[in-house]
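Here is what each chain is made of, one letter per residue.
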Amino acid sequence: MERQVKSKENAITTNQYMLKWIDRVAKICKPKQIVWITGEQEQLESLRKEACELGIFHKLNEEKLPDCYLHRSDPNDVARVEGRTYICSRKEEDAGPTNNWMEPKEMYEKLENLYDGSMKDREMYIIPFSMSIVGSPFSKYGIEITDSLYVVLSMAIMTRIGKPVLEAIGDSKEFTKGVHSKAGLDPEKRYIAHFPEDNAIMSINSGYGGNVLLGKKCLALRIASYLGRRDGWMAEHMLILGIENPKGEVRYVAAAFPSACGKTNLAMLIPPKHFVRSGWKTYCVGDDIAWLRVGEDGRLWASNPEYGFFGVAPGTNEKSNYNALASTKKNTIFTNVALDRDDNTVWWEGLTKEPPKNALNWKGEPWDPASGEKAAHPNSRFTAPAENCPCISTEFNSAKGVPISAIIFGGRRAKTAPLVYQSRDWNHGVFVGSIMASETTAAITGETGVVRRDPMAMLPFCGYHMGDYWQHWIDMGRKIEHKPKIFNVNWFRTDDEGKFIWPGFGDNLRILEWILIRCHDGFDAVETPIGNVPYPEDIDIDNLEDVTIDTLKELLKVDEKLWKEEMEGVREFYKKFGKKLPDKLAAELDATEKRLNQ
Ligand code: OXD
Ligand code: MN
């Protein structure tokens with residue numbers, strides 16, 4: 001009989017509750033060895049070497065991309081799988097209509113069978129990790145058990161890991177229990193299961209980022225949103241951006257967009273040239289997740305619980321996102337991009353105009369640029385330390401976070417939504433967030449280009465009933481004395497030929513300037529049935545070739561016919577939430593329709 005490995009043998013904690021849990025997992029998964037991840041550079045370096053020897057990593061050009069690696073995931077495993085992601089609350093009602101649900105007991109049994117022997121002949125790594133700063137009263141600690149070196153080495157970038165986390169946990173039972181096994185990567189047996197009441201996450205048969213780096217979407221959004229409702233704070237799918245004006249005032253916005261709407265670009269935006277000349281600066285605090293709390297001063301404070309960026313590679317280049325690209329120049333793991341064999345560097349569509357002549361595609365096969373096939377997978381990624389980012393905020397490591405002036409929602413709408421509008425008040429802002437809609441992208445598996453409603457960009461990430469989540473937003477509004485103002489933006493309005501009208505990217509600062517003036521110094525605005533839009537003259541369009549006052553008028557137009565149709569769609573969508581739809585949102589919908597019909 002095989003000897004069962006015990007967590008105690010080389011444990012770096014004496015937390016009995018943790019050790020017993022790890023032993024229970026080891027008994028089921030049957031690894032050949034348990035390896036505790038200390039977070040020390042020596043250990044990580046030796047694991048990176050091992051990953052290269054095993055073919056899990058490919059070491060890239062040390063001069064051009066020091067300490068960077070290429071990883072390829074299984075071709076059947078290249079994106080988050082919403083269809084196989086579950087919220088296993090005790091009551092089905094608590095997961096709500098937008099989540100898959102399974103009774104916890106049934107899911108535990110199912111998973112136990114799947115995990116049985118899944119780590120045979122493999123190491124079982126124990127990763128202590130912290131979402132947010134170790135030792136901060138706001139941090140959430142977790143242990144991820146995994147059989148994947150890719151997970152270990154990616155978690156070391158995306159989160160704060162190792163011994164300091166175990167010290168902070170001490171003997172406490174307050175940590176998220178995460179189990180991940182690649183098992184056989186069978187897509188039919190792939191599950192990403194969350195047990196909010198047990199503070200547990202179990203993931204099996206995937207090796208792709210969002211499904212397996214359990215600190216990110218699973219803990220920092222799904223579990224944290226549940227904890228936030230329980231404990232009076234909010235976990236949101238939002239970037240956090242600091243903006244300094246020529247007077248030296250630094251203000252912060254938090255913004256939610258569905259995947260692949262330019263969120264990473266906005267988080268690291270570079271101001272237009274004449275803004276730079278007059279002294280504008282921008283600072284990235286976070287690119288994906290914001291934890292929001294009411295501060296003692298009655299303002300809403302945001303912090304980024306992550307330690308790295310898990311960004312989409314295609315389309316990222318010197319011009320579109322200089323800061324993101326710069327962040328990937330060292331200590332980065334690239335997943336499913338192409339390999340330029342001539343200089344052992346990476347490439348993806350949009351990185352340079354000229355494709356490499358001698359490349360392997362994301363699957364590792366020789367790639368012919370004339371083939372019409374993509375070299376990099378559309379959802380290929382970089383996993384890069386946030387501290388590499390040239391514009392990382394000095395507040396990135398602040399436990400308290402930054403005070404938020406504005407919350408910005410957005411989506412990709414060809415016609416309906418104007419370039420920017422401001423909600424009438426907090427509850428109306430919650431309504432604006434709840435009706436967010438966008439076109440689907442390659443970040444999730446399934447069809448692309450279909451319009452789907454994605455309230456607060458949280459549809460795939462809310463760990464409980466969306467109706468309760470909206471109510472929590474409304475309740476939070478009552479607790480925030482100095483509420484941020486809430487806006488909606490749409491960078492993606494198109495003309496009749498389907499061409500984007502607004503230049504986007506760095507020029508989006510022109511809209512943020514208006515937003516911040518609305519928040520702090522007060523510009524007047526034009527009232528419309530859906531909210532307040534700028535007077536076109538108040539938007540700075542200096543040095544913009546293709547945008548005139550008339551273009552702005554077009555971009556800011558609210559087409560009442562389209563909005564009436566939109567409200568019908570919202571009414572239909574809201575039906576899903578039955579009794580849990582907050583009265584306040586039903587009232588906002590009625591009031592908007594009434595204003596449209598006046
Ligand atoms: C992501 C997402 O951040 O899909 O990867 O939202
Ligand atoms: Mn995201």
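Relevant structure appears above.
Residues numbered from 1 in each chain as written. Chains lettered and ligands numbered in written order. Predicted model: local features only at pLDDT ≥ 70, side-chain atom pairs only at ≥ 80, totals over all residues. Heavy atoms only, no water.

A. Examining the pattern of salt bridges more closely. The full count for this structure, using the stated rule, is 37 salt bridges. Ionic pairing is found between Lys64 and Asp343, a salt bridge with its closest N-O pair at 3.0 Å. Taken together, the residues span a long stretch of sequence, with Lys64 in the loop between β2 (58-59) and β3 (69-71) and Asp343 in the loop between β19 (338-340) and β20 (345-347) at a distance of 279 residues. When its relative accessible area of 47% is taken as the criterion, Lys64 is described as partly exposed. Classification of Asp343 as partly exposed rests on a relative accessible area of 22%. Notably, a salt bridge pairs Arg424 with Glu527, separated by 3.3 Å at the nearest N-O pair. Pair noted here: Arg424 is in the loop between β25 (420-422) and α12 (426-434) and Glu527 is in strand β29 (residues 525-528), with a separation of 103 residues, a long-range link. The exposure class assigned to Arg424 is partly exposed, which follows from its relative accessible area of 39%. Members of the salt-bridge network, linked through shared partners, are Lys216, Lys217, Lys263, Asp288 and Glu306. (Salt bridge = Lys/Arg side-chain N within 4 Å of Asp/Glu carboxyl O. Helix = DSSP H or I, 4+ residues; strand = E, 2+ residues; numbered from the N terminus. Buried < 20%, exposed > 50% of the residue type's maximum accessible area, 1.4 Å probe, protein only.)

B. Up close: the environment of Arg412. Looking at where Arg412 falls in the secondary structure, it is placed in the loop between β24 (402-410) and β25. Distance in space between the C-alpha atoms of Arg412 and Asn76 is 28 Å, their sequence separation being 336 residues.

C. Highlighting unusual backbone geometry. Of note in the backbone geometry, Leu185 takes a positive phi value of approximately 60° without being a glycine. Tracing the chain through its elements places Leu185 in the loop between β8 (176-181) and β9 (191-195).

D. Representation of the environment of Trp348 in the model. Looking at the element boundaries, Trp348 is found in the loop between β20 and β21 (359-360). Overall, the relative accessible area of 2% leaves Trp348 in the buried class. In the structure, Trp348 is positioned 169 residues away from Val179 in sequence and 32 Å away in space, judged by C-alpha atoms. Once you skip the residues sitting within four places of it in the chain, Trp348 turns out to touch Ala313, Pro314, Gly315, Thr316, Leu325, Phe334, Val337 and Ala376. (Contact = heavy atoms within 4.5 Å.)

E. Structural detail: the site of ligand 1. Close to ligand 1 lie eight residues; Arg80, Lys217, His237, Ser259 and Arg381 are nearest. His237 is positioned such that a nitrogen or oxygen atom in its side chain is 3.2 Å from an oxygen atom of ligand 1. Arg381 places a polar side-chain atom, nitrogen or oxygen, 3.0 Å from an oxygen atom of ligand 1. Alone, ligand 1 offers 210 Å² of accessible surface; in the complex the protein occludes 91% of this. Across the shell around ligand 1, the residue classes tally to two nonpolar, two polar and four charged. (Near = heavy atom within 4 Å. Polar contact = N/O pair within 3.5 Å; in protein donor to acceptor, adjacent residues only side chain to side chain. Areas by Shrake-Rupley, 256 points an atom, 1.4 Å probe, with all protein chains shown as cover. Nonpolar A, V, L, I, M, F, W, Y, C, P; charged D, E, K, R; others polar.)

F. The arrangement of a positive patch on the surface in detail. On the surface, a cluster of positive charge is made up of Lys6, Lys8, Lys20, Arg24, Lys27 and Lys173. Mapping Lys173 onto the fold places it in the loop between α6 (163-169) and β8. A relative accessible area of 57% places Lys173 in the exposed class. (Patch = residues over 30% accessible without salt bridge, like charges linked within 9 Å, V, L, I, M, F, W, Y side chains within 5 Å. Lys, Arg positive; Asp, Glu negative; His and termini not counted. Charge placed at Lys NZ, Arg CZ, Asp CG, Glu CD.)

G. Quick look at the layout of surface pockets. As a volume, the second largest pocket reaches approximately 790 Å³. The wall of the second largest pocket is formed by 31 residues, among which Pro503, Gly504, Phe505, Gly506 and Asp507 lie closest to the centre. Residue composition of the lining of the second largest pocket, by class: 13 nonpolar, eight polar and ten charged. (1 Å grid on protein atoms, 1.4 Å probe; cavity = no way out; pocket = protein on both sides within 12 Å on 5 of 7 lines; lining within 4 Å. Points joined across faces, edges and corners; volume = space filled by probe spheres on them.)

H. Examining the sheet that holds β21 more closely. Spatially, β20-β19-β21-β22 is the arrangement adopted by the four strands of the open sheet, whose pairing is antiparallel. Every interior strand has two partners, whereas the edge strands, β20 and β22 (366-367), have only one. Here β19 pairs with β21 via two bridges, running antiparallel. Residue pairing for β21: Leu339 is matched across the bridge by Leu360. (Pairing = 2+ DSSP bridges.)

I. Main features of the coordination of the manganese ion (ligand 2). Surrounding the manganese ion (ligand 2) are the protein donor atoms Lys217 (NZ), His237 (NE2) and Asp288 (OD), which sit 2.1 to 2.2 Å from the metal. Site description for the manganese ion (ligand 2): donor spacing in sequence, K-x19-H-x50-D. Within this pair, whereas Lys217 is found in helix α8 (residues 215-231), its partner Asp288 is found in the loop between β14 (281-286) and β15 (290-294), the two being separated by 71 residues in sequence. The burial state of Lys217 is the same as that of Asp288; both residues are buried. (Donors = N, O, S within 2.8 Å, 3.2 Å for Na, K, Ca; no water.)

J. Region of interest: empty space enclosed by the protein. What the rule picks out here adds up to five cavities of 30 Å³ or more. Its volume calculated, the largest cavity comes out at about 110 Å³. Looking at the largest cavity, the residues that line it are Gly410, Gly411, Arg413, Ala417, Tyr421, Val432, Ile435, Met436, Ala437, Asn488, Trp563 and Glu566. When its residues are assigned to classes, the lining of the largest cavity shows seven nonpolar, three polar and two charged.

K. Local environment of the sheet that holds strand β17 (residues 308-312). As summarised here, the arrangement of the five strands in space is β2-β3-β18-β23-β17, forming an open sheet in which the pairing is mixed. A strand with exactly one partner marks an edge of an open sheet, and here the two such strands are β2 and β17. The sheet contact formed by β3 and strand β18 (residues 333-335) spans three bridges and is parallel. Across the sheet, His71 pairs through a bridge with Thr335, a residue of β18.

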